[in-house]
There are 2 protein chains.
Amino acid sequence: MLVKMSIEEFSRVLASNAPAPGGGSVAALSGALGADLVAMVCNLSLGKESYEAFQDQISAALDKAQGLSKSLLESVDRDTEAFNGVMAAFKMPKGTEEEKSARREAIQRGYKDAIQSPLGIARRCLEVLELAESLLGKSNTNALSDLGVASQQAYAGLEGAVMNVKINIPSIKDEKFVAETRSEISSLLQKGSKVSQNVYKYVSENLG
Amino acid sequence: MLVKMSIEEFSRVLASNAPAPGGGSVAALSGALGADLVAMVCNLSLGKESYEAFQDQISAALDKAQGLSKSLLESVDRDTEAFNGVMAAFKMPKGTEEEKSARREAIQRGYKDAIQSPLGIARRCLEVLELAESLLGKSNTNALSDLGVASQQAYAGLEGAVMNVKINIPSIKDEKFVAETRSEISSLLQKGSKVSQNVYKYVSENLG
């Protein structure tokens, strides 16, 4: 498992000529680091008098951030496995017309399944961004730069995951599926960009 | 050492209420992951006929990416140590006027030293961005999304490091130092933003 590796070791495997892990796993990790920083900011704000009015919200945000981190860390490994189905389909026999047709269908199914991994990463990165935004002005100001970094990491994860969706779209022939996917990633990017810009602006103006 | 921790363990420590590691270490890690992805793209392009004309450039980029990854991973730990000097200075005696003055000077020196860590991370993230840009159209097209993710990670690292510079600027009284630092981070952000937008545009247009 990739997440059991030390950071040093993951870095070495990532840099190697092995095709996996690659950008998809890094996007998931980036989102997880963002979620962890949100959780840290919550932990540094809980039980503090200055943020007494927001304790319930902070506590709920902490729970959510921890769940998102766990799920995004799972995706670090899952993304690397996502294309095994496509690979297996490409290895199917293609002697007869029937075999060719079954292989084509399996490849298409494989791509559609595989795209779900980066799409899920992108959706959860947006959730991390929205959590970070929800804590502006309601959490420990000493950790304001951490909230900013959380947002940047989650947005980089969102954009990276979307790139990993896009690189596979040309292989999919189902036009309805392609249109729906394009529409969703465009909406995720638009929302994410708006939230990350809001957070960046607030943090920059309040850091000094 | 943080980089000897498993990814899972680092994630857990990051999310905790311990003030370190925080956003500075994550910014360094993000830059290192970007450098690793650049190295991976180089490794997937070396010895490939289609990129024969660029082999020397790719080989030089690989060396540089590996060096940047190593140095940014070192900063994951170094950034966490950066404020030890400030902390130590705050604990100095402040009984007499002389002690107070020595303490004030040590605190100022501590802040100036401490700011060098995120500033160095930001500079090296810009180098990662420029490396990624230099490989557009000259590296394995199958890894184009990885080059895109490399750039996003490096830019998030740059922005995150700059936030960690900014949060400490208000504590520094030397106006010349502050002006020079503000000018440098503004230049780093401007250059980084331009490069990352170039890479993002190229990758988005060529992914499908």
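Refer to the structure presented above.
Numbers given to residues run from 1 along each chain, matching the order in which its sequence is written. Ligands are numbered from 1 and chains lettered from A, in the order in which they are written. Two thresholds apply to this predicted model, a pLDDT of at least 70 for residue-level local features and 80 or more for giving and counting side-chain atom pairs, whereas whole-chain, interface and lining totals are computed over all residues. With hydrogens and water stripped out, all remaining heavy atoms of the structure feed into the side-chain values.

Draft legend 1. Molecular detail of empty space enclosed by the protein. The method works on a 1 Å grid over the protein atoms by themselves. A cavity is a set of points holding a 1.4 Å probe that cannot get out, a pocket is an open set with protein on both sides within 12 Å along at least five of seven lines, and residues with an atom within 4 Å of a point line them. Grid points are joined across faces, edges and corners, and a volume is the space filled by probe spheres set on the points. Across all of its chains, the model carries one cavity of 30 Å³ or more by this definition. Taken as a whole, the largest cavity encloses approximately 40 Å³ of empty space. Around the largest cavity, the lining residues are A:I7, A:F10, A:S11, A:L29, B:I7, B:L29, B:A32, B:L33, B:D36 and B:L73. Strands here mean DSSP runs of E at least two residues long; helices mean DSSP runs of H or I at least four residues long; both are numbered from the N terminus. If you list the elements that add at least two residues to the lining of the largest cavity, you get α1 (7-15) of chain A together with α2 (23-43) of chain B. Per-element accounting of the lining of the largest cavity gives the leading share, four residues, to α2(B). Of the residues contributing to the lining of the largest cavity, the split by class is eight nonpolar, one polar and one charged. In the scheme used here, Gly and all other residues not listed as nonpolar or charged are polar, with Ala, Val, Leu, Ile, Met, Phe, Trp, Tyr, Cys and Pro taken as nonpolar and Asp, Glu, Lys and Arg as charged.

Draft legend 2. Up close: the nonpolar core. Ranked by size, the top nonpolar core spans 144 residues in total, and within it A:F10, A:V38, A:L158, B:F10, B:V38 and B:L158 carry the most contacts. Here a residue-residue contact requires only that any non-hydrogen atoms of the pair lie within 4.5 Å. Those residues within four positions of B:F10 in sequence are excluded, and the remaining contacts are A:I7, A:L33, B:L2, B:M5, B:P21, B:L29 and B:V76. Put simply, buried Ala, Val, Leu, Ile, Met, Phe, Trp, Tyr and Cys residues joined by side-chain atoms within 4.5 Å make one nonpolar core. Each residue is assigned to one of three classes by its accessible area relative to the maximum for its type, calculated with a 1.4 Å probe on protein chains only: buried under 20%, partly exposed between the two thresholds, exposed over 50%.

Draft legend 3. Summary view of the packing of aromatic side chains. Residues and elements named next belong to chain A. The criterion for an aromatic pair is that two Phe, Tyr or Trp rings (for Trp, the six-membered ring) have centres within 6.5 Å, with stacked assigned to planes under 30 degrees apart, edge-to-face to planes over 60 apart and tilted to the rest. What the rule picks out here adds up to two aromatic pairs over all chains. Taking 6.5 Å as the distance between ring centres and 85° as the angle between the ring planes, the aromatic pair formed by F90 and Y111 counts as edge-to-face. With F90 in helix α4 (residues 84-90) and Y111 in helix α5 (residues 97-134), the pair connects residues that are 21 residues apart, well separated along the chain.

Draft legend 4. Quick look at the interface of chain B and chain A. Each side of the interface is counted separately: chain B has 53 residues, and chain A has 53 residues. Once two parts are put together, the accessible area they lose, assessed with a 1.4 Å probe and summed over both, is termed the buried area. Of all residues in chain B, B:I7, B:M163 and B:L207 give up the largest surface area on contact with chain A, accounting jointly for 15% of the area buried on that side. Between Lys or Arg on one side and Asp or Glu on the other, a salt bridge is scored when a side-chain nitrogen of the former is within 4 Å of a carboxyl oxygen of the latter. Between the two partners, chain B and chain A, sit two salt bridges. The residue A:E8 makes a salt bridge to B:K4 at a minimum N-O spacing of 3.1 Å. Polar contacts, as counted here, are pairs of nitrogen or oxygen atoms within 3.5 Å of one another; within protein the pair requires one atom able to donate a hydrogen and one able to accept it, and residues that are adjacent in sequence qualify only if both atoms are side-chain atoms. The interface formed by chain B and chain A contains 22 residue pairs in polar contact (both at pLDDT 80 or more). Counting residues per element, the ones that place at least two in the side of chain B that touches chain A are α1 (7-15), α2, α3 (55-81), α6 (144-166) and α7 (175-207) of chain B. The greatest single-element share of the side of chain B that touches chain A, amounting to 13 residues, is contributed by α6(B). Residue classes in the side of chain B that touches chain A are distributed as 27 nonpolar, 19 polar and seven charged.

Draft legend 5. Structural detail: the relation of the copies chain B and chain A. Each copy is superposed on the other by least squares, with the fit set by C-alpha atoms of residues at a pLDDT of at least 70 in both. Taken as rigid bodies, chain B and chain A are interconverted by a rotation of 180° and an axial shift of 0.0 Å, the fit giving an RMSD of 0.0 Å. In the structure described here, the two chain copies are related by an operation that fits a two-fold rotation axis. Taking the C-alpha atom as reference, chain B places B:S6 closest to the rotation axis, 1.9 Å from it. The overlap is high: 100% of the interface residues of chain B also sit at the interface in chain A, so the same surface is used on both sides.

Geometric values such as these leave the question of function open.
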